Structure formats: C-alpha cells, structure tokens
Amino acid sequence: MKKTKHPGPAAIGQTTLKSAIDCVGIGLHSGARVRMRLEPAPAGSGIRFRRTDMPDAAEIPALWSNVVDTRMCARIAGPDGASVATIEHLMAALAGAGVDNCRIGIDGPEVPAMDGSAAPFLFLIDCAGIAQLPAPRRAIQVLAPVCVARGAARVEIDPAPVFSIDCAIDFASAAIARQDLAVVVDPATFRGQIARARTFGFAADVERLRAAGLARGGSLDNAVVIDGDRVINADGLRFDDEFVRHKVLDAVGDFYLAGAPLLALVRSRRGGHELNNLALRALFERPDAWRDVEMTEPAPTLGATGSRMVAG
C-alpha cells in the first residue's frame with residue numbers, strides 16, 4: 001500500500017504595508033510639529049527610520065543596539081548623529097499588527113504623540129493595509145532566562161512558546177496604586193485591550209521635565225495627567241487599569257526592537273524603557289540564551305497560542 005506523504009508546516013510569510021500613508025502631529029517631548037510617512041519595505045529590511053529633514057543622514061534600523069536614550073521614551077540614533085525619539089508607541093502598533101518591514105520617514109526629531117496611545121498608528125496601518133511578502137517570518141526564540149534589576153525595579157525574559165507580558169506597577173498616588181496585568185500579545189488582544197491605553201504623567205513633574213527638555217508637547221490631549229490622587233482629564237480613563245495597560249504597550253514596542261517577534265514571557269516589576277532595553281542587551285550578549293527561528297503555521301502574526309518554530 002502506497003504511503004501518503006504529509007507536508008510539513010508552512011512558513012508564515014513576512015509582511016509590509018500595501019501602500020504609503022502620512023500623518024502630522026506634535027512630539028510629546030520636543031513639542032515640534034512633524035510630518036511622518038509610513039512606507040512599504042522589502043522582505044528582510046525590518047523597521048527603519050529616516051530623517052527626511054536630514055537628507056544626507058543614513059537610515060536608522062529600529063534595533064535595541066541603536067537605542068541611545070531611555071529617559072521617558074526610547075530614542076534611537078545612527079552613526080552620523082541623526083536620531084528619532086519616542087518610537088515605542090509606533091513600534092508597538094507595528095508589532096501588534098504583525099508588520100515586519102516598514103520604512104518610516106519623519107521630518108523632525110520625534111514621532112508624533114497623536115493621542116498618547118498606539119491606536120492612531122494602528123488606524124494608519126489599517127488604512128494602508130498589510131501585504132504578504134515571499135519570505136519566511138523570523139522570530140527570536142528565548143532559550144534561557146535573563147534578568148536585569150535596578151533597586152526594586154526588575155525585568156526578566158523567560159523562555160515561552162508565545163510572546164506574553166506579565167506586568168506590575170506600584171505608585172504612591174491612589175489614582176494608580178498597584179496594578180497588574182498578564183496578557184498573551186496576539187493581534188486581537190493588542191487591538192482590544194492594549195492599543196488605546198495612553199501615556200501618563202504627574203502634574204507636579206511638568207516643570208522639572210520641561211526644564212530637562214522633556215514633555216514640552218504634552219497636554220491633556222495626548223496624556224493622562226494625575227494631580228495628587230486624581231486624574232484631571234475631563235474624559236477620565238479609557239480602562240480602570242489604563243496605567244498598567246500603557247506600561248504593557250510600551251513594553252510591546254520596546255521589545256519589538258529585538259528586530260523580530262520574541263517567543264518569550266517578559267516579566268516586568270516597576271520596569272520601564274531603560275530596563276526593557278537593558279534586558280534585550282543582556283539577552284543578546286548571551287549566544288546560548290536565544291536563537292533565530294522560522295515561524296510556521298498554525299500561528300497568526302504575533303505570539304499566537306499554538307505557534308511553532310524551526311531553527312534557522
């Protein structure tokens with residue numbers, strides 16, 4: 001009797017945008033008005049930024065190794081000094097939508113804040129559409145735990161079959177207090193539970209931050225502002241626990257700077273941009289702690305339950 005051969009699992013293809021799309025906005029920290037354009041990019045190129053107001057500057061790959069500042073945001077820079085700040089919300093939207101390759105042109109020093117969340121960027125991606133590319137999608141499979149800590153703050157990356165985040169924050173203000181959230185970061189969860197959560201800050205810190213060159217474009221239109229123990233935004237919160245949801249959003253963006261989706265569990269306790277980047281640096285400093293793999297069916301774009309991988 002002739003045996004039937006069953007094909008192996010099919011590789012998941014890389015993606016990019018179907019068409020280019022533009023937006024204009026104000027930088028959260030710089031206060032500068034900027035125009036940004038998201039464009040399709042070929043397979044294997046990843047996410048790349050270019051300063052269109054600096055025509056001689058090289059493109060800046062959105063990678064952990066190019067992060068040069070983590071004060072209140074993630075800022076990447078190229079070897080010629082060109083830099084782009086506050087990329088984490090856009091990176092989170094690209095990760096949540098499963099976009100592997102995108103060229104981002106921007107005529108200023110900072111990604112526009114929009115409403116302080118990833119939802120407007122997700123809307124832009126939806127309008128542009130997503131195109132499949134004839135190349136297998138890659139992922140970073142974590143093989144061994146790594147951990148970084150600063151005082152009471154701690155971020156750990158553990159092996160796991162899908163990308164998930166377990167986050168806890170603790171603030172003195174009763175408006176936040178302690179909040180916890182653990183999620184598998186798949187496209188549906190990101191869109192429904194994470195993308196709309198806005199960045200937040202304290203009214204008492206505004207003058208100090210502006211003196212340091214930060215928060216110059218911040219307002220009630222692009223941030224949740226806390227004064228003492230109350231939220232002063234007239235429209236209140238989008239989620240009861242919007243603060244920890246935004247910390248998860250930031251982490252999704254920060255960890256997409258790995259250069260590919262992570263197959264890992266990220267545990268964050270009072271973490272932030274600095275520890276997220278240090279955790280990625282600690283991971284990639286250990287060749288035994290990770291490997292590059294090819295993502296295969298059955299698995300939706302980002303961190304879906306049941307995803308498989310094969311070593312590359």
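Residue numbers restart at each chain and count upward from 1, following the sequence in its written direction. With pLDDT at 70 or above as the cut-off, local features in this predicted model cover only qualifying residues; side-chain atom pairs require 80 or more to be listed or tallied, and sums for whole chains, interfaces and linings still use all residues. With hydrogens and water excluded, all non-hydrogen atoms of the structure serve as input to the side-chain values.

A. Examining the side chain of glutamine 141 more closely. Positionally, glutamine 141 belongs in strand 11 (residues 138–142). Using a 1.4 Å probe on the protein chains alone, a residue whose accessible area is under 20% of its type maximum counts as buried, one over 50% counts as exposed, and one in between counts as partly exposed. On the basis of relative accessible area, glutamine 141 is assigned to the buried category, the value being 14%. What qualifies as a polar contact is a pair of N or O atoms within 3.5 Å, subject to a donor-acceptor requirement within protein and to the restriction that residues adjacent in sequence count only when both atoms come from side chains. There is a polar contact of 2.6 Å between the side chain of glutamine 141 and the side chain of arginine 291. By the criteria applied, helices consist of DSSP H or I runs no shorter than four residues and strands consist of E runs no shorter than two, each listed in order from the N terminus.

B. Fine view of the sheet that holds strand 8 (residues 83–84). Criterion used throughout: strands pair if DSSP finds at least two bridges between them. Across the sheet, which stays open at both edges, the three strands sit in the order 6-7-8 with antiparallel pairing between neighbours. At either end of the open sheet lies a strand with only one pairing partner, and these are strand 6 (67–69) and strand 8. Relative to strand 8, strand 7 (residues 75–77) runs antiparallel, the two being bridged by two bridges. Bridge assignment links alanine 77 to a residue of strand 8, and that residue is serine 83.

C. Broad picture of the nonpolar core. The term nonpolar core refers to a set of buried residues drawn from Ala, Val, Leu, Ile, Met, Phe, Trp, Tyr and Cys, joined through side-chain atoms within 4.5 Å. Phe49, Leu94, Phe255, Leu262 and Leu280 are the most contacted members of the largest nonpolar core, which has 79 residues in total. By definition in these notes, contact holds between two residues if any of their heavy atoms fall within 4.5 Å. Not counting chain neighbours up to four residues away, the residues in contact with phenylalanine 255 comprise Val155, Ile157, Phe163, Ala260, Leu262, Val266, Asn276, Ala279 and Leu280. Judged by nonpolar contacts, the second largest core, of five residues, contains Ile12, Ala139, Leu263 and Val293.

D. Focus on the environment of proline 287. Secondary-structure assignment places proline 287 in the loop between helix 6 (273–284) and strand 20 (290–296). Exposure remark for proline 287: the relative accessible area of 67% places this residue in the exposed category.

E. Up close: helix 2 (residues 119–128). Looking only at helix 2, the buried set comprises Pro120, Phe121, Leu122, Leu124, Ile125 and Ala128. Structurally, helix 2 contributes buried residues whose contacts are with strand 1 (13–17), strand 2 (21–26), strand 3 (33–39), helix 1 (88–97), strand 10 (130–136) and helix 3 (187–194). Of the residues flanking the end of helix 2, it is glycine 129, one or two places downstream, whose phi is positive at about 85 degrees.

F. Examining the sheet that holds strand 9 (residues 102–106) more closely. The mixed open sheet is built from five strands, whose spatial order is 2-3-9-4-5. Edge strands, defined here as strands with exactly one partner in the open sheet, are strand 2 and strand 5 (60–61). Bridge count for strand 3 against strand 9 is four bridges, and the pairing is antiparallel. Bridge assignment links leucine 38 to a residue of strand 9, and that residue is isoleucine 104. Between N-to-C directions, angles span 0 to 180 degrees; the directions come from axes that are lines fitted to C-alpha atoms, helices contributing only their stretch in contact. The strands touched by helix 1 are strand 3, strand 4 (47–51) and strand 9; relative to strand 4, the strand with the most contacts, the crossing angle is about 145 degrees. Lying on the sheet, helix 2 is in contact with strand 2 and strand 3; it crosses strand 2 at an angle near 165 degrees.

G. Structural context of the pattern of salt bridges. Here, a salt bridge means any side-chain nitrogen of Lys or Arg that lies within 4 Å of a carboxyl oxygen of Asp or Glu. Counted according to the given criterion, the structure contains 23 salt bridges. The salt bridge involving arginine 138 is made with glutamate 294; its shortest N-O contact spans 3.6 Å. Here the residue arginine 138 occupies a position in strand 11, and glutamate 294 occupies one in strand 20, the gap between them amounting to 156 residues. For arginine 138, a relative accessible area of 24% translates into the label partly exposed. Judged by its relative accessible area of 22%, glutamate 294 is partly exposed. The partner of glutamate 242 in a salt bridge is arginine 198, with the nearest N and O atoms 2.8 Å apart. Of this pair, glutamate 242 sits in helix 5 (residues 242–255) while arginine 198 sits in the loop between helix 3 and strand 16 (200–202), and the two are 44 residues apart along the sequence. Residue classification places glutamate 242 among the buried positions, given a relative accessible area of 0%. Among the charged side chains, a salt-bridge network with shared partners connects Asp22, Arg37, Glu39, Arg50, Glu59 and Arg103.

Keep in mind that these numbers describe shape and distance, not what the molecule does.
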